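# Remarks on the overall topology
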Amino acid sequence: MSETLLDIRNLHVWFKVYGGVLKVLNGVNFNVKFGEKVGLVGETGCGKTTTMKALLRVLPNLALIPEGDIFVRDNNILKLNSKELADLRGRGLSMIFQDPTSALNPVFTIGQQLFDIIQYSAGSSGRKVANKKDVALRALRETRLPDPERMLDSYPIQLSGGMRQRVCIAFAIATARDLLIADEPTTNLDVTIQDQVLRLIRDLVEKKGASLILITHSLGLAREITERVYVMYAGNMIEMAATSVLFEKPFHPYTQGLLASVPRLSGGGFAEGIPGRIPDYRNPPPGCRFEPRCQYAFEPCTKAMPPCIDVGDGHQVACYLYQNGQEDRINA
Amino acid sequence: MPDVMGTNNNVLVVEKLVKHFPINLSGIFKKKWIVVKAVDGINFSVKQGECFGLVGESGSGKSTTAYMTVGTYEPTSGSLLFKGEDIARPAVKRSMHLKKDIQIVFQDPGSSLNPRRNIQNILEMPLRVHHMIKKGNSIEKRVVDLLDVVELPSHYRFKSPITIGGGERQMVAIARALATEPSFMVLDEPTSALDVSVQGKIINKLMRLQKEFDLTYLFITHDLSLMRNVANRIAIMYLGKIAEIASATEFFQKPLHPYTQMLLSSIPILFEEEAKLKPNKIHSVGEIPSPVDVPPGCSFNTRCPFKTDICLAEDPVMREIEPEHYARCHNI
């Protein structure tokens, strides 16, 4: 256990809504080792952000967690009281959000916000942190922001999109953290800026020896940065493998469909995509949640959730096709 | 100005097109106007039956160009010729046959379709406005036909756009554009609000419709990999100006302009075969300057790794470097 930083086991998250319960996460298993860069890939509405919100315990009030555990350094997050949680958030985890414009408070300067973060990360003891400004300047310098002194006195609206996201990264790395969660950090940025921001995140994580969870819907980004990738569909982890292995040889029909529908730089057209759409979370299919869209679906798929099957080298797939010699169904 | 137009069978010819937006910086009493140069003198032409791609980062003026084509904005100066007819005026001053002939599909089908109307109403509108239904023919039959063209079942006409998925909504938006039997369609990032697995279906459908109805497309996107798969010719925009125009194959195999090379090397890719197509890695530096404050000389000089003295002083003109391959750079 000692080398595992984060371990999410069989996590279920439901949302109470008018007319029922949305069963969004349906038994998510996810783990991150120390110093590892992990990708979490999936389409809109498949529960990527919900998983991370559960991990930070910032789910809305209407959410409930009927089942499951989240361990960070062997502490069960779901059982911590608010003081312990504040310590954990201050020292252990930090998150970079998708939209830097709404993640930054428009009425405070970058400096004020950054000083607060540094103060809180010192823990709940209330002790004043003496060298806040030095720490803040170092963080801004590390994200290669021009003129960090001036940056401390600027308001978020005075900065461009790429600079705002760098400021958010500076917030996340200002004090030492074990785990950096980047939730679609570059979706709102242009390609050339995306390239800069990603290189920055990767370099910083490697330099600091922290772990990284990169949440993205872009398979290309996951391939460039991460070492291991989880593919998520409708609240389930359906495939997990080392990044190079996953893109060379995807096993799950969903991953295969997804990879085939990505347009390639080399041309030659692309597949029609996957028919249908994500199931209604109020009434999800009882078996595999991908079954209504799956071209290989057969009898057991409609009955129960497929278990995670190891197909070698730590490559795991949640699909009945790979259980005791059903593989030939794919070619049939 | 060299002949960027090509020679014959041009549907749309754009010459020295300029769109400046005046912005009032200060208060009500003391007015100080500045000008955002959204589009600053562009030349291109779209040939009959082709898919002309317009790529660029946000703020490069590609959508402004599209909106001038459909008549949302009136150009500040320059000419827009559609089949030999001057269309450089807003839609209210255009004749009906022009409005019928040029249609647009917007980026976000969630906001381009009225949620208070059902799909029947949405599709009926253009049919009624343009008197597309001869006396005695059923308008409902035409609506069902239109839904059939985009492979949606006929009972969808009773649904509201908010009850259907994003991909299906975009299909309705495409059906609405096709209702007036246009010959020219502007596609303004038709799939960037959608997931990859849905994108494939929409794009492939658009490509089939193009052949079926002999349509000409002006396709706008920021996704170069997608562009590779759809466009015949590509123009790349930077700060309101076109940096390079070439055929799709040429554009990816022999990118000439440093900005094109930077953009291509910034794209995250999925497969090994694509890596070969990437030019030598030009690390992206800096950010796109504000279109209010365009740097003197070549507008790309703030980020260009190959800049020389002349780039700081003089704005390059578009030159034909190879047959049908135009670039606007001093150093090629």
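For the structure itself, look to the data block above.
The following refers to the structure shown. (Residues numbered from 1 in each chain as written. Chains lettered and ligands numbered in written order. Predicted model: local features only at pLDDT ≥ 70, side-chain atom pairs only at ≥ 80, totals over all residues. Heavy atoms only, no water.)

This part covers the overall build of chain B. When you go through chain B residue by residue, the secondary structure sums to twelve helices and twelve strands. Whereas a compact globule of 332 residues would reach a radius of gyration of roughly 20 Å, chain B reaches 21 Å, a difference of no more than 12%. Principal-axis analysis of the C-alpha atoms gives chain B an extent of 70 × 60 × 40 Å. Sorting the 332 residues of chain B into buried and exposed places 55% on the buried side. A separation threshold of at least 6 residues defines the contact pool for chain B, and within that pool the share at least 24 residues apart is 63%. When the accessible surface of chain B is summed, it comes to about 14,200 Å², and 53% of that surface belongs to carbon and sulfur atoms. (Helix = DSSP H or I, 4+ residues; strand = E, 2+ residues; numbered from the N terminus. Rg over C-alpha atoms; globule rule 2.2 N^0.38 Å. Buried < 20%, exposed > 50% of the residue type's maximum accessible area, 1.4 Å probe, protein only. Contact = heavy atoms within 4.5 Å. Areas by Shrake-Rupley, 256 points an atom, 1.4 Å probe, with all protein chains shown as cover.)

On to the interface of chain B and chain A, then. Chain B puts 44 residues into the contact, and the matching count from chain A is 38 residues. When chain B packs against chain A, the two sides together hide about 3,600 Å² of surface, and 51% of this comes from carbon and sulfur. Three residues stand out in chain B for area buried against chain A, namely S197, L270 and E287 of chain B, and they jointly supply 19% of the buried area on that side. Linking chain B to chain A there are one salt bridge. Residue E272 of chain A is joined to R208 of chain B by a salt bridge in which the shortest nitrogen-to-oxygen separation is 3.3 Å. Taken together, chain B and chain A are joined by 18 residue pairs in polar contact (both at pLDDT 80 or more). Going through the elements one at a time, α7 (196–213), α8 (224–230), α10 (258–266) and α11 (272–275) of chain B are the ones with two or more residues in the side of chain B that touches chain A. Counting residues per element, the side of chain B that touches chain A draws most heavily on α7 of chain B, which supplies eight residues. (Buried area = accessible area lost by both parts, 1.4 Å probe. Salt bridge = Lys/Arg side-chain N within 4 Å of Asp/Glu carboxyl O. Polar contact = N/O pair within 3.5 Å; in protein donor to acceptor, adjacent residues only side chain to side chain.)

Okay, a nonpolar patch on the surface next. Residue and element names in this part refer to chain B. Together, M96, M125 and V129 make up a nonpolar patch on the protein surface, roughly 260 Å² of accessible area in all. By secondary structure assignment, the location of V129 is in helix α4 (residues 119–129). Residue V129 is classed as partly exposed on the basis of its relative accessible area of 39%. (Patch = residues over 30% accessible without salt bridge, like charges linked within 9 Å, V, L, I, M, F, W, Y side chains within 5 Å.)

Read these as layout, nothing more, since geometry by itself doesn't imply function.
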